[in-house]
Amino acid sequence: MSFSLTGLSFLFGAVSIGMLAFRFFQYWQEEKNTTSKLFFWFTSMFPIFMLFVAIGSLFFADNAQILKLTVVLATFFQGIACSIIGYMIFYIKFPSVSPWWGAIPIFLLSMVATFSSLFLSYSPHLEPDGGINWDIPLSLGIIRSILFLITFLPLILILIQQIKSSSDAFVRTKAFGLSIVLIFGIIMGFLDFFLETVLGLSAISSAIALIFLSIIVFFMIFITQKAPKKQKDETSTPSSPQISW
């Protein structure tokens, strides 16, 4: 069995984002509202796909078919996550409009990406330095990048608005921390596409970058995403289309 630094990097990512998903599970159990639930399901998609990629990259690094299957699974779960963000953006910012108008177009675009990853011709392979070259076709890389941009950027802007408008330091800290994590998420989404496809660097460069960013994200989550506070009056916290923690 060949060693893959790429698999190790995705394992780091799964652990760091997994901690964020666990925090949002706690917030959901505490708040019992729609926004907390949406944030939990959104963040859960990323450690799931990262774990699939880590397993495929660590134990089947020499199997091009398994590696291609991990690309398909990663694209699918990323699309689900982006669709949830689309739903959440409309739920928070356009309460008079069905949030499905935000989710369905993004889901359809993500299905285009998923089926493209399944049927396009490419051959992921392990390079001698331990990095996996995913050989992602340019068209697929562009679609995946668009999905990240049209969902992550609006959500970051919503979080920035909350930082400016909230008088609660606890909420501001969490919104700031999550916005930074989302910015890193955009960077992670561009790593393979930009470093390898655009710059032509070795596959190990994106693996090293992912490990570095995962460590930063882990500490950012640890510092800013604290366990939920107990409400003084649990009967006075109705569900609201605002971001709750």
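Everything below is about the structure printed above this text.
The model shown is predicted, which means the values in this text are computed figures rather than measured ones.

Observations regarding the overall build of the protein
Right, on to step 1. Regarding its fold elements, the protein presents seven helices and two strands.
Right, on to step 2. Sequence-ordered secondary structure for the protein, helices as α and strands as β, is α-α-α-α-β-β-α-α-α.
Right, on to step 3. Taking all 245 residues of the protein together, the buried fraction comes to 53%.
Right, on to step 4. Long-range pairs, those at least 24 residues apart, make up 75% of the contacts in the protein between residues at least 6 apart in sequence.
Right, on to step 5. Accessible surface computed for the protein: about 11,600 Å², of which carbon and sulfur atoms make up 72%.

Notes on a nonpolar patch on the surface
Right, on to step 1. A contiguous nonpolar patch, built from L11, V15, L51, I55, F59 and F60 and spanning about 520 Å² of accessible area, is present on the exposed surface.
Right, on to step 2. At the level of elements, α1 (5–31) and α2 (34–59) are the ones that each hand at least two residues to the nonpolar patch.
Right, on to step 3. Top element by residues in the nonpolar patch is α2. It accounts for three residues.
Right, on to step 4. On the secondary structure map, L51 appears in helix α2.

Some details on the environment of L147
Right, on to step 1. With respect to the secondary-structure elements, L147 resides in helix α5 (residues 138–165).
Right, on to step 2. Taking the C-alpha atoms as reference points, L147 and A113, separated by 34 residues in sequence, lie 9.3 Å from one another.
Right, on to step 3. Here L147 is in contact with C82, I106, L109, S110 and A113, once residues within four sequence places are set aside.

Notes on the nonpolar core
Generally speaking, soluble globular proteins have nonpolar side chains that are buried together.
Right, on to step 1. In terms of nonpolar packing, the biggest core is built from 63 residues, with F42 and F152 touching the most fellow members.
Right, on to step 2. Within the residue set of this core, elements represented by two or more residues are α1, α2, α3 (64–93), α4 (100–119), α5, α6 (169–198) and α7 (203–224).
Right, on to step 3. Here the element with the most residues in this core is α3; it accounts for 15 residues.
Right, on to step 4. Every residue in contact with F42, bar those within four places of it in the chain, is listed here: A81, I84, I85, M88, F152, L155 and L182.

What to know about α1
Right, on to step 1. Taking 1.5 Å of rise per residue, 27 residues should cover 39 Å, and α1 covers 39 Å from first to last C-alpha, within 8% of that figure.
Right, on to step 2. One side-chain oxygen of the residue at the start of α1 lies 3.3 Å from the amide nitrogen of T6, identifying that residue as S4.
Right, on to step 3. Backbone geometry just downstream of α1 places K32 in the positive-phi region, at approximately 55°.

A closer look at the packing of α1 against α7
Right, on to step 1. For the pair α1 and α7, the least separation of the axes is 8 Å and the interaxial angle reads 20°. It follows that α1 is roughly parallel to α7 by the angle criterion. When the axes of α1 and α7 are compared, the crossing they make is left-handed. From α1, L5, T6, S9, F10, F12, G13, S16, I17, M19 and L20 reach across to α7, where they touch I204, A207, I208, L210, I211, S214, I215, V217, F218, I221 and F222.
Right, on to step 2. Residue classes in the contact of α1 with α7 are distributed as 16 nonpolar, five polar and no charged.

As for the packing of aromatic side chains
Right, on to step 1. In this structure the tally under the stated criterion is 20 aromatic pairs.
Right, on to step 2. Here the aromatic cluster, defined as three or more aromatic residues joined through ring pairs, consists of F24, Y27, F39, F42, F46, F49, F148 and F152.
Right, on to step 3. Between K68 and the ring centre of Y122, over which it is positioned, the NZ or CZ distance is 4.7 Å.

Calculation notes
Residues numbered from 1 in each chain as written. Predicted model: local features only at pLDDT ≥ 70, side-chain atom pairs only at ≥ 80, totals over all residues. Heavy atoms only, no water. Helix = DSSP H or I, 4+ residues; strand = E, 2+ residues; numbered from the N terminus. Buried < 20%, exposed > 50% of the residue type's maximum accessible area, 1.4 Å probe, protein only. Contact = heavy atoms within 4.5 Å. Areas by Shrake-Rupley, 256 points an atom, 1.4 Å probe, with all protein chains shown as cover. Patch = residues over 30% accessible without salt bridge, like charges linked within 9 Å, V, L, I, M, F, W, Y side chains within 5 Å. Salt bridge = Lys/Arg side-chain N within 4 Å of Asp/Glu carboxyl O. Core = buried A, V, L, I, M, F, W, Y, C linked by side-chain atoms within 4.5 Å. Expected span 1.5 Å × (residues − 1). Polar contact = N/O pair within 3.5 Å; in protein donor to acceptor, adjacent residues only side chain to side chain. Axes fitted to C-alpha atoms, helices over the stretch in contact; angles between N-to-C directions. Parallel < 35°, antiparallel > 145°, perpendicular 65-115°, else oblique. Left-handed = near helix turned anticlockwise from the far one by under 90°. Nonpolar A, V, L, I, M, F, W, Y, C, P; charged D, E, K, R; others polar. Phe/Tyr/Trp six-rings, centres within 6.5 Å; stacked < 30°, edge-to-face > 60°. Lys NZ or Arg CZ within 6 Å of the ring centre and 35° of its normal.

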